[in-house]
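Understanding the architecture of this molecule
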Amino acid sequence: MMTQAFYTGISGLKSNQTGIDILSNNLANISTVGYRGYNVEFASMFEDSLNSSSSGSSTSNSIGAGVKMQASTMNRDQGVIQLSDQSTDLAIVGNGWFGIQGETDPMYTRAGNFTFDRDSDLISPDGYYVLGTMGSNISADGVLTSILPEVKLGEVSEQQKLRFPKTLTYPPEPSTTAKFLGNLGSDDELRTIGASVVDPQNNKNHLRLSFTKSVPQVLPGSQWDVVATTQTLDGTTIYDTQTGVANFDSSGALINTTLSSINNNGTPVAIDLGSGFDGVVAISNIPITASSLSDGTIGGDLEGYSVNKNAEVIATFTNGLQSSVGKIAIYHFRNEQGLDRASGSRFLEGTNSGSPIFYKDASGQNIIGTDIVNFNLEGSNVQMTVGLTDLIVFQRAYDANSKSITTADQMMQKALQMDA
């Protein structure tokens, strides 16, 4: 029995030492972004049954053979969400893992302290590429081919490094239609209405309509001669001039016009004066007004990339427009406890974790499946007070097991002296 006491005490020393090591590592990483602590679970070793004269006794009739560490389990509690000053700092609220490309296999982490490097690649602080789905709206020569409000998340096997071009151009979209609105009144005076139109060369030009009353007038109603001109904003270059007539009825509503379109430095622009009272009118009893609407977009150059709360990588251009160009993947596992820690806050797919999966919506489309907040980071989920308290408990248990070994040794010495 005294020999068994040695083994029992030693098992206690080993188990509590392991517990102290795990807790110490937790406390050492209390400031590590996205760190998940580990809990320690113990189990009693085999027990020896003792003979008992009373089968109905409520006291124990066995002696344990010590303790062993049963498992070290991941603490899956949410870490503290901390504000930051970068849109690329992301925090997952709920289940899920970011993916980064390791040297051989993908690694999974809750640490979303990402950044764009000098090559416009989205990386972790130590240079690992963040994984996600690239948008299909960037051509090989660095031109944005379309505006995407969202990039759809691809399949798990299709995720790739999020690498974006350093220079990206938003091509000009030439104007195709200009709609004019306003009241010409009934007086025989020159009226003008203007609109801004974009040409294929990324220039913003001026489309000017001049209205003068036709001579002679045919009653009822009124007729106005219209001269349309496209020119540069400074007026030094005129691209085209077109003329026509606008006919109004006696109430001032537009009946029709013979002016249809005009050339804008290589692109035709349809001139829309409206119809009836929707557009240009000629009414005598209301104020003279003029306004216009035109399509087309001036081109722009890339200002920079950012990340929004939907994990979309957004490209912003000098013309004020934005488009999604990529989506950061959020992975899920059937058994997160089965992940193997690679280092710090990073994990590898384990034999018991299952393969990474994406959640799907009702239509079968892959989705993030959790809440993401930008300008925030998830801190360590280790609580200092709990960790220090548990550390004291393990230290006391370690001391107690050490005492049990010393006591067993003293008893052995006395037994040997009695035999002598």
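In what follows, the structure referred to is the one given above.
The following paragraphs examine the structure supplied in this document.

What counts and what doesn't
Residues numbered from 1 in each chain as written. Predicted model: local features only at pLDDT ≥ 70, side-chain atom pairs only at ≥ 80, totals over all residues. Heavy atoms only, no water. Helix = DSSP H or I, 4+ residues; strand = E, 2+ residues; numbered from the N terminus. Buried < 20%, exposed > 50% of the residue type's maximum accessible area, 1.4 Å probe, protein only. Polar contact = N/O pair within 3.5 Å; in protein donor to acceptor, adjacent residues only side chain to side chain. Core = buried A, V, L, I, M, F, W, Y, C linked by side-chain atoms within 4.5 Å. Contact = heavy atoms within 4.5 Å. Pairing = 2+ DSSP bridges. Axes fitted to C-alpha atoms, helices over the stretch in contact; angles between N-to-C directions.

1. Quick word on the side chain of His332
Residue placement: His332 occurs in the loop between strand E29 (330–331) and strand E30 (340–343). In this structure His332 comes out as buried when scored by relative accessible area, which is 2%. A distance of 3.0 Å separates a polar side-chain atom of His332 from the backbone oxygen of Ile368.

2. Points about the nonpolar core
Taken as a class, soluble globular proteins show a tendency for nonpolar side chains to be buried jointly. Counting residues in each nonpolar core, the largest one holds 26 residues, and the members touching the most others are Tyr305, Val313 and Ile328. When contributions to this core are tallied by element, the ones reaching two or more residues are strand E6 (89–93), strand E7 (97–101), strand E26 (300–307), strand E27 (312–317) and strand E28 (322–328). Residues in contact with Ile328, not counting those within four places in the same chain, are Leu90, Phe98, Leu122, Val130, Leu131, Gly132, Leu162, Val307, Ala311, Val313 and Ile368. Membership of the second largest hydrophobic core comes to 22 residues, among which are Leu207, Ala228, Leu254 and Leu273.

3. Here's the deal with the pairing of strand E20 (residues 254–257)
Of the strand pairs in this sheet, strand E19 (residues 238–248) and E20 are connected by three bridges, and their pairing is antiparallel. Bridging across to E20, Ala246 finds its partner in Thr257. Count of turn residues in the E19/E20 antiparallel hairpin: five residues, of which Gly252 carries a positive phi of about 95 degrees.

4. Considerations on the sheet that holds strand E18 (residues 222–231)
Within the open sheet, the five strands sit side by side as E16-E17-E18-E19-E20. Their pairing is antiparallel. The sheet is open, and its two borders are formed by strand E16 (191–198) and E20, each paired with just one other strand. Recorded for the sheet is a direction-independent mean angle of 25 degrees between the axes of neighbouring strands. Judged from the eight bridges that link them, E16 and strand E17 (residues 204–213) form a sheet pairing that is antiparallel. Counted as the bridge partner of Arg191 is Phe211 from E17.

5. Some thoughts on the environment of Ala178
Mapping Ala178 onto the fold places it in strand E15 (residues 177–183). Exposure remark for Ala178: the relative accessible area of 0% places this residue in the buried category. The spacing of Ala178 and Asp272 is 94 residues in sequence and 6.0 Å in space, taken between C-alpha atoms. Among residues more than four places away in sequence, those in contact with Ala178 are Ala195, Leu207, Val269, Ala270, Ile271, Asp272, Leu293 and Ser294.

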